[in-house]
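Results of the structural survey
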Amino acid sequence: MSPTAESIGSKVIESSFKQSVQMTEHAVNPPASSNSSPAEIATAFCNKIQAAFDAQDVDAIVGCFTPDGWWRDILNIDFDFNSLKTSQIKESLGKFGVPKIKQLKVIKPHDAVYTPAANWLHAYLTYETELTRGKGFVRLRESAPGRGDWKAFTFFTALWEVKGHEEFAHERRPLGAEHGEHTSPLNWLEKREQAARFEDSDPTVLIVGGGQNGLALAARLTALRIPNLVVEKHGRVGDSWRLRYHTLCLHDPVWADEMPYLPYPPHWPIYTPKDKIANFFEHYAEIMELNIWLKSTIEPNPVFDNKTKKWAVTVTTEGKSPRKMNVSHLVLASGFSGEARLPKFPQDEFQGKSWHSSRHPGGQGWKGKKVVVVGCCNSGHDISADLYENGADVTMVQRSSTYVMSSKYGIPGLLAGVYEEGGPSCEDADIMLTSLPIDLLAEFHVGATKDIAEKDKDILDGLTKAGFKLNHYPQGLFIKYFRDGGGYYIDVGASTMIAEGKIKIKQGVEIKKLTKDGVLFEDGTELKADLVVFATGYDSMRTTVKRVISEDVAKRIGPCWGQDAQGEIPGVWRNSGVENFYLQVGNMFQARCFSKHVATQIQMTELGLAKSVYPEYKKINDPRF
């Protein structure tokens, strides 16, 4: 933890973070002798660091940061994602040069807020370069209250749009009608259908997968008028959610789950059922005029031509002849998870039913039957609860430990002031959250995680008494997801069922094999079972790259989750290690937020304004990813 964080304490940091992100009607003036407003202080900072940018003075730029400060940058410094500590800024700018940032200024001055508990204020920023515009966010601190020596504790810059190539929205929106003499006999619908067929041209971008990530990226590219096509293996848009287990709902709240450009109506539920979000995706694709080929896949082993800089890809669609295409960019958007992970112990003797959780249709039909669910994260809990409620005798097998927090206290405890009713707009909240380097967010969440655990004490104690092994992950849910990709459960009721003995627990013993009518463990005990559900998670997305794209590409991409040397998540939403091949993955927030940056990278590459180079110097090998 940084010296400043140590002096304040993690609980105060976490509390002040919540306060700092809440959008207040009137800013509180900091205790400075000039009695300046937060917006005026932030403007003075912008003027100071802008002068350093103008002079290309690296030392002066560094001098604008607190000793424990951070600069998180997206696509400005080296056309990549960076989280730089104050001590690292000089080396990075010495290597890549000082970004030619101009006209750095405060926007939304009424939303500039001072937070006494942390002695910081925050403000939204914009800036320009010769060719682009950007958005930013800053948190400023004094060395002591009232000193007036405000410096950046966090400084965020994100390249947002290319001048002259902005999204076709607002003042650039299409007319729709064709007034005067018509140049084509086709009406709007006929033109849409013609465009989606790509009869006379190939798309610039081919997106494999039509879930939230594929749809979000397609919407971003369509807004930029970059021709793109989504190929989706299922028969309907949304089937990647629609076909999952019966009781599934999103675990993230509605305020964090919007799709680009299209907010949910105000009566939308906080936690969206799977069929509702699936149907929404179907309507979203139509409203956003996305080109999607259903019941379609690509043939393995597409080839990238280093001379033409295009991928030769063959798309196969049910009932149609294969279509060969040459596309400039290939994106895999099939989801964060790779292939379903199944245990390797012997299963041949078993005469009951068994399947992976991804194939589990629901608990109906298992009343009075014995069911063993192997795995104790979100899917394992949800499926176990559903089976119990349908009358099954359920035992969960927990082989290691699980981080648990309640949805009741955990989600508000982590998202308060950012994604909540009456909070900032989704775009502002995204900037606010992504302005924080992940390693710094981990520091903030130590206090929040302790507070959540205290509120969840009864649930956690009940789990422990039932024999459930808890993982007391200090940084909590978000960082567990960012760093490990799993190993947690957001409790929506199953924990109480476990504590009350309604769902039984078999903990800490490995399975030896499936017998004729049950599960045999290494300690010699056996559980009878009519059904075994393997909620055993998924392999790295590298396995899906290998199956869908090629073994060669799977070998050449770098790590594709976890962390790089700066704490950023590697390989996804940025240079994957293979030219013009991207991984667009993650939850709804990540789909919405980072599809913007993937689209920008594709656009700037197409315009010849930037060339992405894989950041080998940041690479940390993690065998899991």
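This text follows the structure it describes.
Since the structure is predicted, the reported quantities are computational estimates derived from the model, not experimental observations. (Residues numbered from 1 in each chain as written. Predicted model: local features only at pLDDT ≥ 70, side-chain atom pairs only at ≥ 80, totals over all residues. Heavy atoms only, no water.)

Some points on the sheet that holds strand 17 (residues 370-374)
Basically, it comes down to this: Pairing between strands is defined by DSSP: at least two bridges between the two strands are required. Secondary structure elements follow DSSP: runs of H or I no shorter than four residues count as helices, runs of E no shorter than two count as strands, and numbering proceeds from the N terminus. Inter-axis angles, ranging from 0 to 180 degrees, are taken between N-to-C directions of lines fitted to C-alpha atoms, where helices are fitted over the stretch in contact.
Here we have five strands laid out as an open sheet, ordered 16-25-17-18-21, and parallel in their pairing. On the outer flanks of this sheet lie strand 16 (353-356) and strand 21 (504-507), each paired with one strand and no other. Direction aside, the axes of adjacent strands within the sheet are offset by 20 degrees on average. Pairing of strand 18 (residues 393-398) with strand 21 involves four bridges; the strand directions are parallel.

Description of a nonpolar patch on the surface
The condition that has to hold: Patch members must show over 30% relative accessible area and no salt bridge, and they are joined within 9 Å when carrying like charges or within 5 Å when they are nonpolar side chains of Val, Leu, Ile, Met, Phe, Trp or Tyr. Computed with a 1.4 Å probe, the accessible areas rest on the Shrake-Rupley method; for each residue, only the protein chains presented here act as cover. By definition, a salt bridge exists where a carboxyl oxygen of Asp or Glu is found within 4 Å of a side-chain nitrogen of Lys or Arg.
On the surface, a nonpolar cluster with roughly 220 Å² of combined accessible area is contributed by L131, L607 and L609. By the element assignment, L609 lies in the segment after helix 19 (588-606).

Focus on the sheet that holds strand 22 (residues 511-514)
A sheet is described by the order of its strands in space; here three strands give the open sequence 22-23-24, paired in antiparallel fashion. The open sheet is flanked by strand 22 and strand 24 (526-528), the only strands paired with a single partner. Pairwise comparison of adjacent strand axes, ignoring direction, gives a mean angle of 20 degrees for this sheet. Where strand 23 (residues 518-521) lies against strand 24, three bridges are found, and the strand directions are antiparallel. Bridge assignment links G518 to a residue of strand 24, and that residue is K528.

Details of the environment of E522
As a reminder, the rule being used: Buried means the residue's accessible area, taken with a 1.4 Å probe over protein chains only, is under 20% of the maximum for its type, while exposed means over 50%, and partly exposed covers the values in between. Note on definitions: a residue-residue contact is assigned when non-hydrogen atoms from the two residues lie within 4.5 Å.
Checked against the element boundaries, E522 lands in the loop between strand 23 and strand 24. Residue E522 is classed as exposed on the basis of its relative accessible area of 52%. Residues E522 and F444, 78 residues apart in the sequence, show an inter-C-alpha distance of 41 Å. With residues near it in sequence (within four places) discarded, E522 still touches V509, E510, I511 and K512.

Notes on the nonpolar core
Note the following rule: Grouping buried Ala, Val, Leu, Ile, Met, Phe, Trp, Tyr and Cys residues that are joined through side-chain atoms within 4.5 Å yields what is termed a nonpolar core.
In this structure, W561, F581 and L583 are the most contacted members of the largest nonpolar core, which totals 143 residues. Broken down by element, this core gets its largest block of residues, nine residues, from helix 19. Discounting chain neighbours no more than four positions away, the residues touching F581 are W311, L330, L332, V545, I549, V553, I557 and S576. Counting 33 residues, the second-largest nonpolar core is a separate cluster that includes F65, W71, L104 and A112.

A few points about unusual backbone geometry
For K108, which is not glycine, the phi dihedral falls at a positive 50 degrees. Along the chain, the position of K108 falls in the loop between strand 3 (102-107) and strand 4 (113-115). A relative accessible area of 34% means that K108 is categorised as partly exposed. For N301, which is not a glycine, the phi torsion comes out positive at approximately 70 degrees. Position of N301 among the secondary structure elements: in the loop between strand 11 (296-298) and strand 12 (303-305).

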